[in-house]
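Architecture at a glance
So the chains spell out like this:
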Amino acid sequence: MGQAALFLEKREQLIVAAVAVIREEREARLANISPSQWGQVEREVNRVSAEVVIRMGLAMGLRPSLMWRRAERRVWGALCQRKV
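Residues numbered from 1 in each chain as written. Predicted model: local features only at pLDDT ≥ 70, side-chain atom pairs only at ≥ 80, totals over all residues. Heavy atoms only, no water.

1. Some thoughts on unusual backbone geometry
Positive phi, close to 60 degrees, is recorded for N32, a residue that is not glycine. Along the chain, N32 falls in the loop between α1 (3-31) and α2 (35-42). Despite not being glycine, E44 shows a phi value in the positive range, around 60 degrees. Assignment of secondary structure puts E44 in the loop between α2 and α3 (50-59). Judged by relative accessible area, E44 falls into the exposed class, the value being 70%. (Helix = DSSP H or I, 4+ residues; strand = E, 2+ residues; numbered from the N terminus. Buried < 20%, exposed > 50% of the residue type's maximum accessible area, 1.4 Å probe, protein only.)

In structure tokens:
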């Protein structure tokens, strides 16, 4: 790969990463939490309260009832699929 092609590839990666940073910043502000805390929650670094989860979901346009219902299906669906 030539230097020009590498530059273009890295440029595209940089743009994608910058858009992700902007989105995280916007979503964190909408949820009224810090961008750092938003990232930590997504990476499962720290435990998080239900209140913060609800605020994050609302910032993403999710109704709390729908969010919890979908989460519940994942948890109980996984448990029901386990063989005893």
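What follows picks up the thread again.
2. Some details on a positive patch on the surface
Together, R63, R69, R70, R73 and R74 line one region of the surface with positive charge. Turning to its location among the elements, R74 is positioned in helix α4 (residues 64-81). The class of R74 is exposed, set by a relative accessible area of 66%. (Patch = residues over 30% accessible without salt bridge, like charges linked within 9 Å, V, L, I, M, F, W, Y side chains within 5 Å. Areas by Shrake-Rupley, 256 points an atom, 1.4 Å probe, with all protein chains shown as cover. Salt bridge = Lys/Arg side-chain N within 4 Å of Asp/Glu carboxyl O. Lys, Arg positive; Asp, Glu negative; His and termini not counted. Charge placed at Lys NZ, Arg CZ, Asp CG, Glu CD.)

3. A word on the environment of A28
Mapped onto the secondary structure, A28 falls in helix α1. Put simply, A28 and R55 are 27 residues apart on the chain and 9.0 Å apart in space, counted from C-alpha to C-alpha. When near neighbours in sequence (up to four residues on either side) are disregarded, A28 contacts I33, S34, P35 and W38. (Contact = heavy atoms within 4.5 Å.)

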